[in-house]
Amino acid sequence: MGATPTRRDLARLAIALPLATLARPARAQAATLSVGDQLFGNRSVVEVAGQARDLPYAIDWKQFPAAQPLLEALNAGALDVGMIGDLSFFTVFAAGAPLRAIGAYRSDPATQAILVRSDSPIRDVAALKGKRLAGTRAGWGQFLILATLKRAGIDPSEVEIVLLPPPEARSALAAGAIDAWAVWEPYVSQEILERGARTVADGRGLSPTVTFVAAHVDAIAAKRAALQDFLGRLSAGRAWVRAHPAEYARYYAELSKIPEAVVQRSTEQQQAGFVALDDSVVAELQRAADLTVEFGILRDRVDVASTIDRSFSVV
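None of the values given here were measured: they were computed from a predicted structure.

Asks: Kindly report on the overall build of the protein chain, identifying the contributing residues and their values.
Replies: When helices and strands are counted, the protein chain shows 13 helices and 11 strands. Burial analysis of the protein chain (315 residues in total) assigns 53% to the buried set. For the protein chain, long-range pairs separated by at least 24 residues make up 82% of all intrachain contacts whose partners lie at least 6 apart in sequence. When the accessible surface of the protein chain is split by element, carbon and sulfur atoms take 51% of a total near 13,200 Å².

Spelled out as structure tokens, the structure:
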């Protein structure tokens with residue numbers, strides 16, 4: 001592809017989902033677990049770590065270019081389970097989606113960052129005043145901008161926030177149409193390695209940086225054993241990837257066409273691993289969810305504890 005592909009580019013790799021498939025009840029075949037994934041990110045982890053062997057059930061992987069269509073399919077019952085960011089999950093849960101988080105893995109919060117170009121005069125958060133900042137609408141990009149400004153005592157009215165998806169924001173930063181971009185991995189590594197971007201702020205102390213494994217309530221009732229087994233395999237896969245970032249980078253680079261160096265740096269920076277959904281993690285997520293209401297990202301408060309099914313375990 002030449003330059004590192006954007007998510008829009010990678011979306012072309014996603015497995016097509018015929019409308020007839022989406023309309024089919026996901027619980028129709030008990031021996032199959034229908035799993036929603038984004039751009040092969042979790043399928044690659046399970047496969048490269050050898051966790052796809054000797055399955056007591058079949059996995060029907062469905063690939064999506066972003067969280068929103070995955071959540072739509074999961075909400076409709078076309079999927080049993082899927083992996084999505086915490087804020088996206090809270091948004092659909094608040095709207096009444098019959099879903100529960102049954103597991104979660106966390107990345108280093110420094111991998112959510114506000115980036116500037118290599119030639120930018122911006123050296124710290126204070127210098128963001130009067131600038132144009134881009135982030136994803138109703139996502140952690142927008143959240144990171146507002147949380148960073150709040151911690152620095154900068155009123156949002158003192159900056160211009162432009163809500164853009166990553167492909168458009170990346171182009172805008174390169175063209176100088178925006179001054180800073182709030183984004184996550186692998187975009188952070190891509191910008192740093194390919195364009196010399198600099199980080200002026202990150203998610204440490206601000207963002208939980210949690211990805212939920214979310215299941216439809218019908219699947220929880222009908223396919224508990226398969227879901228529990230899948231959680232264990234995904235957790236083992238994540239542990240293997242943390243220990244073998246170079247091997248994983250080679251595997252995923254071939255699959256995604258993202259340069260191997262970008263994948264390896266991103267993997268090493270994220271250090272993604274499963275966490276227990278215990279009281280301390282729930283409290284941390286609740287604080288972040290409450291901030292999204294303060295920021296106007298979510299309209300109503302979400303009771304985080306009620307979104308989680310703690311009857312599942314990850315060994």
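Asks: Give me the lowdown on the pattern of salt bridges, citing residues and values where you can.
Replies: For the structure on display, the rule yields 19 salt bridges. The partner of E158 in a salt bridge is K129, with the nearest N and O atoms 3.8 Å apart. Note that E158 is positioned in the loop between α6 (140-152) and β7 (160-163) and K129 in the loop between β5 (112-116) and β6 (132-135), a separation of 29 residues in sequence. On the basis of relative accessibility, which here comes to 33%, the residue E158 falls in the partly exposed class. K129 sits in the partly exposed class, given a relative accessible area of 44%.

Asks: Give a description of the sheet that holds strand β10 (residues 210-216) that names residues and reports values.
Replies: Strand order in the open sheet formed by six strands is β2-β1-β3-β10-β4-β11, with mixed pairing between adjacent strands. The two strands at the open ends of the sheet, each matched to only one other strand, are β2 (58-64) and β11 (273-274). Both strand β4 (residues 99-106) and β10 contribute to a ladder of seven bridges, which runs antiparallel. From the neighbouring strand, A104 faces β10, where its bridge partner is F212.

Asks: Can you break down the sheet that holds β5 residue by residue, with the values?
Replies: Strand order in the open sheet formed by five strands is β7-β6-β8-β5-β9, and the pairing between neighbours is mixed. The sheet is open, and its two borders are formed by β7 and β9 (198-202), each paired with just one other strand. Pairwise comparison of adjacent strand axes, ignoring direction, gives a mean angle of 30° for this sheet. Taken together, the four bridges between β5 and strand β8 (residues 180-184) define a ladder with antiparallel strand orientation.

Quick notes on the rules
Residues numbered from 1 in each chain as written. Predicted model: local features only at pLDDT ≥ 70, side-chain atom pairs only at ≥ 80, totals over all residues. Heavy atoms only, no water. Helix = DSSP H or I, 4+ residues; strand = E, 2+ residues; numbered from the N terminus. Buried < 20%, exposed > 50% of the residue type's maximum accessible area, 1.4 Å probe, protein only. Contact = heavy atoms within 4.5 Å. Areas by Shrake-Rupley, 256 points an atom, 1.4 Å probe, with all protein chains shown as cover. Salt bridge = Lys/Arg side-chain N within 4 Å of Asp/Glu carboxyl O. Pairing = 2+ DSSP bridges. Axes fitted to C-alpha atoms, helices over the stretch in contact; angles between N-to-C directions.

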